[in-house]
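Structural description and commentary
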Amino acid sequence: MSEKERLVLMPGLLCNERLWAPQISFFKDNYVCEVPDLTQEDSIEKLALSVLKSVRGKFNLVGLSMGGYVSLEIMRIAPERVKRLALVDTKARADSPEQKRKRRGLLALAGRGKFKGVTPHLMPLLIHPDRMNDTVLTGEIYKMAEEVGQAAFVKQQTAILDRESHLDILANINCPVQIICGRQDLITPLDCSEEIHTELSGAELLVVENCGHLSNVEEPEIVNKALGKWLERPA
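Residues numbered from 1 in each chain as written. Predicted model: local features only at pLDDT ≥ 70, side-chain atom pairs only at ≥ 80, totals over all residues. Heavy atoms only, no water.

Here's the deal with helix H9 (residues 220-231)
Cut-off, in case you're wondering: Only DSSP runs of H or I covering at least 4 residues are called helices, and only runs of E covering at least 2 are called strands; the numbering of each starts at the N terminus. Every helix has an expected span of 1.5 Å times one less than the residues it contains. Burial classes: relative accessible area under 20% of the type maximum marks a residue as buried, over 50% as exposed, and values in between as partly exposed (1.4 Å probe, protein chains only).
The end-to-end C-alpha distance of H9 is 16 Å, a good match for the 16 Å that 12 residues give at a rise of 1.5 Å each. Taken together, the buried positions of H9 are Val-223, Asn-224, Ala-226, Leu-227, Gly-228, Trp-230 and Leu-231.

What about the nonpolar core?
Worth spelling out the cut-off: Only buried Ala, Val, Leu, Ile, Met, Phe, Trp, Tyr and Cys residues count toward a nonpolar core, and they belong to the same one when joined by side-chain atoms within 4.5 Å. It only takes one pair of heavy atoms within 4.5 Å for two residues to be counted as in contact.
Within the largest apolar cluster, 70 residues are counted, with the highest numbers of intra-cluster contacts made by Val-62, Ile-74, Leu-85 and Ile-173. Sorting elements by how many residues they give to this core places helix H6 (residues 135-162) first, with nine residues. Filtering out sequence-adjacent residues up to four positions away, Val-62 remains in contact with Leu-7, Val-8, Leu-9, Met-10, Trp-20, Ser-71, Ala-86, Val-88, Leu-227 and Trp-230.

Some words on the sheet that holds strand S2 (residues 31-34)
Remark on secondary structure: sheet strands pair via backbone hydrogen bonds, oriented parallel or antiparallel. Condition: Between any two strands, pairing holds if DSSP finds at least two bridges. Here, axes are lines fitted to C-alpha atoms. For helices the fit covers the stretch in contact, and angles between N-to-C directions go from 0 to 180 degrees.
Taking strand neighbours across the sheet as the criterion, the six strands line up as S2-S1-S3-S4-S5-S6 in an open arrangement whose pairing is parallel. In the strand order of this sheet, the two ends are held by S2 and strand S6 (204-208), each with one partner. In this sheet, neighbouring strand axes are inclined to one another by 15° on average, regardless of whether the strands run parallel or antiparallel. Alignment of strand S1 (residues 5-10) against strand S3 (residues 59-64), held across four bridges, turns out to be parallel. Bridging across to S3, Met-10 finds its partner in Gly-63. Strands in contact with helix H3 (residues 66-77) are S1, S3 and strand S4 (82-88); relative to S3, the strand with the most contacts, it is inclined by about 140°. Running at roughly 170° to strand S5 (residues 177-182), H9 makes contact with S1, S2, S3, S4, S5 and S6 of the sheet.

Considerations on the packing of helix H2 (residues 44-54) against H3
Note the threshold: Note on angle classes: values under 35 degrees are labelled roughly parallel, values over 145 roughly antiparallel, values of 65 to 115 roughly perpendicular, and the remainder oblique. Following the grouping adopted for this structure description, the nonpolar residues are Ala, Val, Leu, Ile, Met, Phe, Trp, Tyr, Cys and Pro, the charged ones are Asp, Glu, Lys and Arg, and the polar ones are all others, Gly among them.
With their axes 8 Å apart at the nearest point, H2 and H3 run at an angle of 75° to one another. When the axes of H2 and H3 are compared, the pair comes out roughly perpendicular. Here Ile-44, Glu-45, Leu-47, Ala-48, Leu-49, Val-51 and Leu-52 of H2 come into contact with H3, specifically with Met-66, Tyr-69, Val-70, Glu-73, Ile-74 and Ile-77. Among the residues making up the contact of H2 with H3, the classes are represented as 11 nonpolar, no polar and two charged.

Some points on the pairing of S4
Rules: Assignment of crossover handedness uses the view with strands pointing away from the viewer, where a clockwise path from the first strand over the helix to the second indicates a right-handed crossover.
Where burial is concerned, most of S4 is hidden: six out of the seven residues are buried. Where S3 lies against S4, six bridges are found, and the strand directions are parallel. Each bridged residue has a counterpart across the sheet, and for Gly-63 the counterpart in S4 is Leu-87. Between S3 and its parallel partner S4, the chain crosses via H3, and the hand of that crossover is right-handed. Looking at chain direction, S4 and S5 are connected through four bridges and run parallel. Its bridge partner being in S5, Val-88 is matched across the sheet by Ile-180.

Section: the pattern of salt bridges
We count it as follows: Salt bridge, as applied in this entry: a Lys or Arg side-chain nitrogen positioned within 4 Å of an Asp or Glu carboxyl oxygen.
Inspection of the entire model under this criterion finds 19 salt bridges. As a salt-bridge pair, Arg-6 and Glu-3 come within 4.0 Å of each other at their nearest N and O atoms. Since its relative accessible area comes to 56%, Glu-3 is described here as exposed. Two residues, Glu-140 and Arg-18, come together in a salt bridge whose shortest N-O distance is 3.2 Å. Taken together, the residues span a long stretch of sequence, with Glu-140 in helix H6 and Arg-18 in the loop between S1 and helix H1 (21-27) at a distance of 122 residues. Taking the relative accessible area as the measure of exposure, Glu-140 reaches 28% and is therefore partly exposed. Each member of the salt-bridge network shares a partner with another, and the members are Glu-3, Arg-6, Glu-34 and Arg-56.

What is shown is where atoms sit, not what they do.
Written out as structure tokens, the structure is:
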């Protein structure tokens, strides 16, 4: 019996393995699912190197938001390790000055001992307005943020703030690529995914309707179907 392929699922800011529960449940019988710890380093490059060290062999790579930034850095450092790449609600460009200002504001909030105020501030940006009263969904988001904690949040925001653009590497990516974005994503808007799609020849773009930034948990059936087709593409 041949060994199962690896499916590496990269969480976003203030997220952990809970983020990928719908995907792990769906794919675990056919793939070895791994969720790297993206809380221990303060640069995107260091995070990418830590993932490459922790995961053996070649793998299928899925990254959401910050996880997408780390995924693109892996494509810069070791593209030969990646069989297929999926970029979910993320972007390749660096932050604008205004986005950097907002991140510094959140860092200042956490630094003033008000870390628990960060997630309520972010929640309207993370999910579609229609899901704001979904206490199961919002409860999981709050749990993740609490588990990740203040120290890791500071490291993650520092890594995101200091990251370089990945637009320069897109044309060199040759593996099968699936791009997914919620139509109402306010953190990495659809034009960011469209920009990646334009630069990546042969990439597939799925726009998830009535959906915000966390498309994989807001509309897991749609996202799982797309990822399933992506995993069947010859690599």
